Structure formats: C-alpha cells, structure tokens
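# Summary of structural features
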Amino acid sequence: MAPRTALRKHSRGRNYKAEFASCRLEAVPLEFGDYHPLKPITVTESKTKKVSRKGSTSSTSSSSSSSVVDPLSSVLDGTDPLSMFAATADPAAPDSSRKRRDRDENSIVGSDFEPWASKRGEILARYTTTEKLSINLFMGSEKGKATATSAMSEKVRTRLEELDDFEEGSQKELLNLTQQDYVNRIEELNQSLKDAWASDQKVKALKIVIQCSKLLSDTSVIQFYPSKFVLITDILDTFGKLVYERIFSMCVDNRSVLPDHFSPENVNDTAKETCLNWFFKIASIRELIPRFYVEASILKCNKFLSKTGISECLPRLTCMIRGIGDPLVSVYARAYLCRVGMEVAPHLKESLNKNFFDFLLTFKQIHGDTVQNQLVVQGVELPSYLPLYSPAMDWIFQCISYHAPEALLTEMMERCKKLGNNALLLNSVMSAFRAEFIATRSMDFIGMIKECDESGFPKDYVNCAEVWVEYTCKHFTKREVNTVLADVIKHMTPDRAFEDSYPQLQSIIKKVIAHFHDFSVLFSVEKFLPFLDMFQKESVRVEVCKCIMEVFIKHQQEPTKDPVILNALLHVCKTMHDSVNALTLEDEKRMLAYLINGFIKMVSFGRDFEQQLSFYVEARSMFCNLEPVLVQLIHSVNRLAMETRKVMKGNHSRKTAAFVRACVAYCFITIPSLVGIFTRLNLYLHSGQVALANQCLSQADAFFKAAISLIPEVPKMINIDGKMRPSESFLLEFLCNFFSTLLIVPDHPEHGVLFLVRELLNVIQDYTWEDNSDDKIRIYTCVLHLLSAMSQETYLYHIDKVDSNDSLYGGDTKFLAENNKLCETVMAQILEHLKTLAKDEALKRQSSLGLSFFNSILAHGDLRNNRLNQLSVNLWHLAQRHGCADTRTMVKTLEYIKKRSKHPDMGHLTELALRLPLQTRT
C-alpha cells in the first residue's frame, strides 16, 4: 500500500463504502402511532362555537372526533360563508329573480324549445351574396323641432305630417353596397334608433323602424333575403322592447309598482293612452309590410290595454299576411309572427296553426309564373331558391309542433301528401316534430320520400351517406360498414365527384374511426383503404391521416404486431411524412413526428428481436425527413439491445452478441444524419454507454471518438425553441456526463494510457471559448475529479462484465505516473487562467473560481502533499485578497475543515486550518 500512496501525489485515497456510510441519515426508530407526515390529520372539534381571531385554540373540549376534518372547514365550525348566507334566507320568500315580469305560467316556453338566438348566427353565415345591394337611409326632418313647444293637438297633427313627409321621399338611396357595407348600414340604423329614443325623438325612431321594415319587401338580391330578415328583425325587436319598457315605466309612481303578473286594471290612464297612441300611429302607416311588422313588434303592448288584446290581434295579423303576394316575403312574415307569438302567448296555438295552414294554401305559388319569371330575371335556379325557405319554415314548424299532440303530425302528413309530398315540407316536418313521433311512422315517411318530387330540392347522396354511416357503425358489423363505404366509392369516383365533397368524406372517416377502436377490425374492412385513396388533395389527405393516428394513439392500449395494422399505419404515416417540404412549419413537423413516434412506440414483436430490428430499419428508410422520428428510432434500437442483454442476463451468446452489434451499427450510421449537434453528441454518448453495457468495447470507443471529434463543431449560439442562446452551458453539461462515463471505459491495448481522456483534453484546449467565460476552467476542474477517481484502487462504479482500468492496470506505477502528469497539466491550466483574472473587472470571478478550486482540492486532493497543501493555502488567500469573497461561505468552509480534521487519518487538516485565516473587508 505504501508504494501506491507515494505515487498518488495529488489524489487522496478514497474508501467509498465508508464515505457512503458516514453520509447516510441517522435512522431513528418510530413507534406505532407517532406523528407521520402522511398520516391523516385528526382535528378535535370543540363544542364552543366562538372562534378566536388570534389563532388561539381551546384544549378544554368535552367531546372530540377522530374523523378526518378539513382544517379550513373546522375554522368555520363546519359552515362556509355561502351556506351561512343561504341559511339566513327566508325559504318561503318567492324567488323573483327566476321570473321575468309580464310572463305568467302559460306564457313561458321551456328550456327544450330552441330559441331564435341560436339560429340567427347560422343563417347569417349560410345565406351570403357577392352581388351589390342597396338601402334607403332616413335623412331626418326639422319640423319636429319647430313644434316642440306647441299644444298637444298641434303636436299630434305635426307628427302625422312628419310620417307623411317620410313616406313621400325624405330618404336617400345608397347603391352598389357590398354585403359587409350593407350590414354596417343596418347596424348604423339600429344605433340611430337607440340614439333617437334616448334623445326623446320618438317619431324619428318610428320612421327608422318603418324604413327598415320596408326593406323586407325587396327581393332584388334574393339569395341574401334570409340574412336581411335576421338583420332587420333585430331592429324591430329593439324597437318593441323600447316601446314596452317606456309604457311599463309610466305605470310606476311613488305609491305603487306594477306587479309581475299585472292585468289591464293595474295600468293607469296615462300609460293606456300612450299605448293606444302607438297603435294609432302604426295603423296610419300606408304600406302593408311595414304596418304589419311594426305592429307585430309591439304585440306585447296589448297587455296594457285588455286581457284579450293579443288573442284578438294574432288572427288579424295572420290575415294581413294574406295580402303579401311574394311567397318568400310571406313565409318570413309568418315566421316573425310566430316569433313574437311564442314569446308573448305560446298558449295561443290555434292562431299559430292558422298561420301555417294559410301558408300551405299559398304554397303552390312557389311554382307559379310570377316566381319563375323573377328567378329567370335574377339568374337563380330552383335548387338555389327553395333552400331560402328553410329557415322560416323550420321555425314555423318548431313553433307549432312544440308540445303538440301526435295527431297534429298525422294531419301534417296528410297535407304534405295533398301537396305532392313536397321535399321542402317533408324535410321541415321531420326536423320539427318529436323523434318518437317520426320513428313510429318511419315507413310512411320513407314511402313519402320515395314518391316526393325532388326537382329543385334534390336528394344529396353524399350528405345522406354521411348520416347513414354513423347509424351503420353504431348498430351493425364491419360487413355492413364495408358495404356503405363501397357504395360511397361507387357513387363518388365517376367524374372525380369526390373532389367537391371532401368535407363530407372527411366526416364519414371520422365517424368510422370514432366507433372502431379495434384497429385490427378497422383495417380488415376491405374498402377502408380504397376510401382513403379518394382524398387526392394532399392537405385534406394529411388531415385525414392525422385523425386516424390521433385515434390510434388514444385508444390502442397494448403493443401490436398485427401485420394488417402495421401495413395500414405505415401507409398512413408515410403519407404524413411525405407531405413535409421546405415550407412546412416547425409546429406541423413536430405534430407529425409526435403521431409517427406514437405509432413506433406501439409496435412490439415480443421476443422476436430480429423482426423488431427489421421494422426499425424499414421505418428509418420511410421517415428520414423527420429528425424527431430518427431520434426515437435510435432510442428504440438502444432499448432493444438492452432488452436483449436483460434476457441473456448479461451473458451473450454468439448469436445475441452479433445481434447487439447490429443494433449498435444501426445507431452509429443513423446519428450522423441528424442536424442538431447536441442531439448527435448526446446520442453518441448514450449509444456508447449501451455498447459498453453489451461488451461491444471497440464499438463503444468508436462512439466516444465520434463525440470527441464533433465537439469542435459546436457553434457559439444554438437555436432553442426559436431563440438563439449561448451553447457553452449545454456543452459543459454534456462534458460532465461524458467524464462520468469515461471513468469506466477501459483503455484500448493498442493505444496509450487514458487515450480518450487525452484526446478530449486536446479538443477542450483548442476549442474557442467565449471571452469573459470561465466554463473552460470549470471543465478542467471536472477533469481533475475524473483523474482523482481514476487513481483509486477500486472505482466508484462499474459495468457488469466489463473490466475498467482499475482491474486492467491493477495499480501499475506507469498508469499512476501518467495520471499525475495529466493532473499537473490540468492544474497548470487552471492556475494560468486565474492569473489572467487579476484585473479590477474580473476580481470577483477570480475569487469565486479560486474558492471553487480550493474546494475541489479539499474534496479530492491528498493534502499531505506539501506542494498541494501550499497551493490550497494560496488559493484561500487569493479568494479573500481583494475583499470579493463571500464571508459566510468562507466561514462554513473553515468549520467543515475543522470538523473533518477530527476524523481518523485526517489529522493533517488541523494544521491546514491554522493556516487559513479569515480576513475582514476593512
């Protein structure tokens, strides 16, 4: 032992087992029932409800509970603030917030009734136009201002004159408006209405509403009419609300408030007179359409006049619609009447039904000469015209079918038959009535659909198939699904019809994969892959493939080797991979790589490792353009080699040894194709470790040499998540990991002692480091730690069945001498660097590095060596020389040295401690 100690000039001898033992935490026996941090909290509940705000607790509880209680709840004595608030409320008090005023139980529709608001957005999005539109804007009048102070009778007469003036042309027509311009103008009118009302210009507000209502008689751009109806009726709704709230506010005085469910007897004379005045003004409107719409908008105000006002007005307004000649304008007027009727009096179903039956009587007008001539003038085909009726008809049917008896459906079906089973009517009927009513008559409806006239409302095949495929997937087997897919292919392939129906075809695929989570069954559907081939447009094809892979990753629970699944998904993944080009965004590449990697991870051939490697070889050739996929393949092959080692328990046969060498070769030839330099460095290191674990020593050397030769190519800045960052910190981290591996790498018999360490030191020496950087010295410090560990009789860790240098050299003097030479060389480099920091701006760095080097010598050096002992004292003084050292750290370090000096064989540290003074900054 003495000769070896003498040769170990710099490194102290280490007894790793003893050091581990001394560093362990002291074991303290824990008796059952003692406190444990994971033990449930037990809270003692006091009978006293008073809680101290100062945090004091009472220990005089006469009863306690061992149940687990939330400490926050216990502070509140089991009652949270919201519960306390609710407890103070009078349970008998009526909850007025849940009732809207002016609505009794008979005039409220339930939550099962779909409101108009949920339909308006869809209508605006669907019915658009590129044609130019026109609109009439109200220009205003000065007559109202001139008579502001006149008598009441004069005011009424003047207002009537103003209405006449408005109808005679106080307007301006704007032409050649785009759809967006038109929408903007309507919004301006809506705001003008609110502004006029707020400034007490009621006549102006009425003029704006009349003007807007007139626009609903214009069908010059017929495709836009449903959207125009939505926009205009928004203004009418605003007007109706303003008028109602105005009259309601007049019923409130200092002594009484109008109850929620008021009757006309509760309304004062002033409010009634104002209400009548509004109806008289509206009755004086000359044109039918604005008169109808404006009166319908304030239909609710009849409640102020009489109990039967609404029930009397609805039939009259229904009859008024008969005077509208255009069937499209007429059906939307009926839809608006149903809207306001359902809002204020949904119980008056007779009036709503009469409204609908009137429409059926005039339904044949759609095919009359007047409408046909209008369509010819506008260049609109019947298939484009008839869908314009759908929003109005669907709403009317929804209103009359709400809580309607089954007999009404029977009557509707009979009327549809009399009208030749019109497809438009049938579609609305089936959409509106309850599903169970339709289901019991499904065969009757099928017969009616078969016999219906589809001219102008054609039966769309692909839309039907889109719906039926979901039904088939839910209730039938793959055989029936295959039949449906085959039929779709048959219909959509001629004349490349599929190019116009990609959204529907995508929907079909999504519905199929949503119901078939067993992919062996899915891909055994004969027509599934031919169906995919219809997606000829690359962007759509890739989206479909992504959907398939997302479902596979989500639902595939067990690894698979099913050839049907593998072949199909390789085709799907290849499609995604081949879409990558120079213009593909990085986020898209990451998503595609994630999906492909998810597939690769789920492929397992069990103990057939050769077949597994063959799959990885094929995958590498197919997915060479996505770096994350190649990285995943390298990791998978390395794991395959380690699984082989595990199966053989580290004792490779000739066959398994050849196999793991094939795995190693796979990684070695794949890594250079990667772009990311730190990705390559880390994979070289990781693969070298795997090779070493499988006793492939020469292959491990090749990996480590490749990593060393790659270090000079590390750029100063690297891209991290789109941002350029300095690379030195990443390089430092890699090299520290590399040194930890080099400890157990045995030297090659044909090369010199520590040849890999020497090559690495040469590369570090020649590397161009950043100015004002100390990373090179930190790396050299790590090298000293490595050399210290290499000089031990037994290394800290080993790889099974691999003889490291401690076994190969067995304490050979030449090996230790070479180790010491390297230590001296590295230490000289560190000291040289410390000298260069003797500048004002670098003194703090010099102090920090000096103390760090001191601690390294203290931890790993043999301080019985006089030269090393003196060097440590010099470093201690250097760290404090310019008052830049952290005094607290210096004090703790000195205390540690004194503590260590009391250990056996550490007495020499006592003398060292005496030579390490603590200097003040004074």
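So, a few notes on the structure that sits alongside this text. Within every chain, residues take consecutive numbers counted from 1 along the sequence as written. Predicted model: local features are reported for residues with pLDDT of at least 70 only, side-chain atom pairs are reported and counted for 80 or more only, and whole-chain, interface and lining totals are derived from all residues. Computation of side-chain values covers all heavy atoms of the structure but excludes hydrogens and water.

A word on helix α24 (residues 478–492). Between its first and last C-alpha atoms α24 spans 21 Å; for 15 residues at 1.5 Å apiece the expected length is 21 Å, and the two agree. Buried residues are those whose accessible area, probed at 1.4 Å on protein chains only, stays under 20% of the maximum for their type, while exposed residues exceed 50% and partly exposed ones sit between those limits. Only DSSP runs of H or I reaching four residues or more are called helices, and only runs of E reaching two or more are called strands; each is numbered from the N terminus. Those residues of α24 not exposed but buried are Val481, Asn482, Val484, Leu485, Val488, Ile489 and Met492. Buried residues of α24, seen end-on, are gathered within an arc of 160 degrees and therefore sit on one face of the element. Turned more than 90 degrees away from the buried face of α24 sit Arg479 and Lys490, all of them exposed. Take the residue count of a helix, subtract one, and multiply by 1.5 Å to get its expected span. The directions considered for the arc run from the helix axis to the C-beta atoms.

General note: in soluble globular proteins, nonpolar side chains tend to be found buried as a group. Note on terminology: a nonpolar core comprises buried Ala, Val, Leu, Ile, Met, Phe, Trp, Tyr and Cys residues joined through side-chain atoms within 4.5 Å. Among the nonpolar cores identified, the biggest contains 164 residues, and Leu505, Phe528, Phe531 and Phe599 are the most heavily contacted of them. Excluding its chain neighbours within four sequence positions, the residues that come into contact with Phe531 are Leu485, Val488, Ile489, Leu505, Ile508 and Ile509. Judged by nonpolar contacts, the second largest core, of 120 residues, contains Leu177, Leu206, Leu216 and Ile298. Contact criterion: two residues are considered in contact whenever any of their non-hydrogen atoms come within 4.5 Å of each other.

Glancing now at the environment of Leu786. Along the chain, the position of Leu786 falls in helix α38 (residues 775–790). Measuring from C-alpha to C-alpha, the distance between Leu786 and Leu742 comes to 8.2 Å, with 44 residues separating the pair along the chain.

Moving on to a nonpolar patch on the surface. On the surface, Phe20, Leu796 and Tyr797 cluster together into a nonpolar patch covering about 280 Å² of accessible area. On the secondary structure map, Leu796 appears in the loop between α38 and α39 (805–809). Residue Leu796 is classed as partly exposed on the basis of its relative accessible area, which comes to 38%. Each patch is built from residues lacking any salt bridge and having more than 30% relative accessible area; the joining distance is 9 Å for like charges and 5 Å for nonpolar side chains (Val, Leu, Ile, Met, Phe, Trp, Tyr). Surface exposure here means Shrake-Rupley accessible area, sampled with a 1.4 Å probe, where a residue is shielded only by the protein chains that are shown. Only one rule defines a salt bridge in this text: a Lys or Arg side-chain nitrogen within 4 Å of an Asp or Glu carboxyl oxygen.

This part is about the pairing of strand β4 (residues 723–726). One bridge is not enough; two strands pair if DSSP finds at least two bridges between them. Sheet topology places strand β3 (residues 717–720) next to β4; 4 bridges connect them, and they run antiparallel. By the bridge assignment, Ile720 is partnered in β4 with Lys723. Connecting the antiparallel pair β3 and β4 is a turn made up of 2 residues, with Asp721 showing a positive phi of about 55 degrees.

It is worth spelling out the pattern of salt bridges at this point. In the structure shown here, the tally under the stated rule is 25 salt bridges. Glu188 is paired through a salt bridge with Arg185; the nearest N and O atoms lie 3.4 Å apart. Of this pair, Glu188 and Arg185 are both found in helix α8 (residues 179–198), 3 residues apart, which corresponds to roughly one turn of the helix. Judged by its relative accessible area of 41%, Glu188 falls in the partly exposed class. Residue classification places Arg185 among the partly exposed residues on the basis of a relative accessible area of 28%. Measuring nitrogen to oxygen at the nearest pair gives 2.6 Å for the salt bridge that ties Glu499 to Arg496. A single network of salt bridges, built from pairs that share partners, joins Glu470, Lys474 and Lys511.

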